[in-house]
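Residue-level structure breakdown
Below, each chain spelled out in residue letters.
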Amino acid sequence: MVDRLRDGVKWRNLASHAPDRIITPDELEGFLASEPDVEAVFHMGAISATTARDGDLVWSSNVDLSQTLWRWCAARGVRMIYASSAATYGAADQPKMFRDGLEGIDGLRPLNLYGWSKQAFDLWVKREIGAGAPVPPQWAGLKFFNVYGPNEYHKGSMISVVKVKYDEVVQDRAAKLFRSDVPGLADGQQQRDFIWVGDVVNIMLWLFDHPDVSGLFNCGTGVARSYLDLAHAVCDAAKRARDVEFVDMPEKLRGQYQSFTCADMSRLRAAGYDAPFTSLEDGIGQYVRDYLSRPSQNL
């Protein structure tokens, strides 16, 4: 496992699943040079804050490191599954605009530095493949939509809205939602494709079990749900009254906020993935019942 635990609660994610070894990113180059026996790389690491501003740091972490791993996997015949992001779709606001695959990504316009860095790596992959450069025997980029579920507690401001709303309502406060900044769109009707983390894991394991499948795939449910739906589902799961309050969107998010996302899942379905996706209500219910309402909230 390659990661930094730092000074915080991140170690609790591993409390019941202690790895054999933790390698810091600074040690990764030496580890790879030792020719380890690796069958596949799951590269989920990135600076994922949509408010990140240090372009040099984001490029180094999200693009340079990904290119290093890609080249290493390609040279040694190791499969690679990596995290892209729905943030690459930018201001897309219609279902037909969320088509995955490498073919149409040149026209995407991400709204923030994080999304741009993920787009930059996807475009680099496209150029490598187009130039006939070596590629991993299996590669899959996953455009994660709004993932929620246990073991996200170290993520600070990037924690899921589900967890934030749960913390509000169990303290008998109203669930706060941003007012819409889109003309004609009612408050609370901003829609996202929210996906339960268990479904994300199932997709990654399915890809591992199907080494013949490669490509750039959406990782969502194919269903857009409103933030008001989410807030109500959290209130219901926490057994609290449906109390919602609308607040102004922070200035730093205006112009960078996706008011609609919905994954087109047809490419992954065509590749053979046929498992059903967890509904928003069932996912939130499971999250609250099995994790958030318990003394130990970790998986």
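Further up the page is the structure itself.
Procedures and definitions
Residues numbered from 1 in each chain as written. Predicted model: local features only at pLDDT ≥ 70, side-chain atom pairs only at ≥ 80, totals over all residues. Heavy atoms only, no water. Helix = DSSP H or I, 4+ residues; strand = E, 2+ residues; numbered from the N terminus. Rg over C-alpha atoms; globule rule 2.2 N^0.38 Å. Buried < 20%, exposed > 50% of the residue type's maximum accessible area, 1.4 Å probe, protein only. Contact = heavy atoms within 4.5 Å. Areas by Shrake-Rupley, 256 points an atom, 1.4 Å probe, with all protein chains shown as cover. Lys, Arg positive; Asp, Glu negative; His and termini not counted. Charge placed at Lys NZ, Arg CZ, Asp CG, Glu CD. Salt bridge = Lys/Arg side-chain N within 4 Å of Asp/Glu carboxyl O. Core = buried A, V, L, I, M, F, W, Y, C linked by side-chain atoms within 4.5 Å. Pairing = 2+ DSSP bridges. Axes fitted to C-alpha atoms, helices over the stretch in contact; angles between N-to-C directions. Expected span 1.5 Å × (residues − 1). Bend = angle between axes of the 7 residues up to and from the residue. Polar contact = N/O pair within 3.5 Å; in protein donor to acceptor, adjacent residues only side chain to side chain.

**Brief notes about the overall build of the protein**
Helix and strand counts for the protein come out as eight helices and 10 strands. Since a compact globule built from 299 residues should have a radius of gyration of about 19 Å, the 19 Å found for the protein is in line with a globular shape. If you line up the protein on its principal axes, its C-alpha atoms span 55 × 45 × 40 Å. In the protein, buried positions account for 45% of the 299 residues. For the protein, long-range pairs separated by at least 24 residues make up 78% of all intrachain contacts whose partners lie at least 6 apart in sequence. Here the protein has roughly 14800 Å² of accessible surface; of this, 50% comes from carbon and sulfur atoms. One way to put it: in the protein the 33 positive side-chain charges average out to a point 3 Å from where the 39 negative ones average out.

**A few points about helix α4 (residues 161-169)**
Buried residues of α4: Val162, Lys163, Lys165, Tyr166, Glu168 and Val169, and no others. Considering only its buried residues, α4 is in contact with β4 (146-148), β5 (175-178), α6 (227-237) and α8 (280-292).

**Quick look at the pattern of salt bridges**
Any two side chains of opposite charge can pair, given that their charged atoms come close. The final tally for this structure, using the stated rule, is 16 salt bridges. Across the pair Asp100 and Arg267 runs a salt bridge, and its minimum N-O distance is 3.0 Å. Here the residue Asp100 occupies a position in the loop between β2 (79-85) and α3 (113-130), and Arg267 occupies one in helix α7 (residues 266-270), the gap between them amounting to 167 residues. A residue is classified by how much of its surface remains accessible, and Arg267, at 32% relative accessible area, is partly exposed. In this structure, Lys126 and Asp106 form a salt bridge, with 2.4 Å as the shortest nitrogen-oxygen distance.

**Quick look at the nonpolar core**
Grouped together as the largest cluster of nonpolar side chains are 46 residues, with contacts concentrated most on Trp70, Tyr82, Leu142, Ile203 and Leu207. Every element with two or more residues in this core is listed here: α1 (28-33), α2 (55-76), β2, α3, β3 (139-144), α5 (197-209) and β8 (215-219). Tallying contributions element by element places α5 first for this core, with five residues. Residues within four places of Ile203 in sequence aside, it is in contact with Leu142, Cys219, Leu268, Tyr273 and Phe277. Formed by 26 residues, the second largest nonpolar core is a distinct cluster that contains Ile159, Ala238, Met249 and Tyr257.

**Observations concerning the sheet that holds β8**
Strand order across the open sheet formed by four strands is β1-β2-β3-β8, with parallel pairing between neighbours. In this open sheet, the two edge strands, each paired with only one partner strand, are β1 (40-43) and β8. Going from strand to strand, the sheet's axes swing by 20 degrees on average, the running direction of each strand aside. In the sheet, β1 pairs with β2 via four bridges, with the strands oriented parallel. Paired with His43 across the two strands is Tyr82, which belongs to β2. The sheet contacts of α2 involve β1, β2 and β3, and relative to β2 the element is tilted by about 155 degrees.

**Observations regarding α2**
Along its 22 residues, α2 runs 31 Å from first to last C-alpha, staying within 8% of the 32 Å computed at 1.5 Å per residue. Along α2, the largest kink reaches about 25 degrees and is centred on Ser61. Looking at α2, one finds that the buried residues are Val58, Asn62, Val63, Ser66, Gln67, Leu69, Trp70, Trp72, Cys73 and Ala74. Turning to α2, the residues buried within the fold contact α1, β1, β2, α3 and β3. Two or three places before Asp56, at the opening of α2, Asp54 has a side-chain oxygen 3.3 Å from that residue's backbone nitrogen. Backbone geometry just downstream of α2 places Gly77 in the positive-phi region, at approximately 70 degrees.

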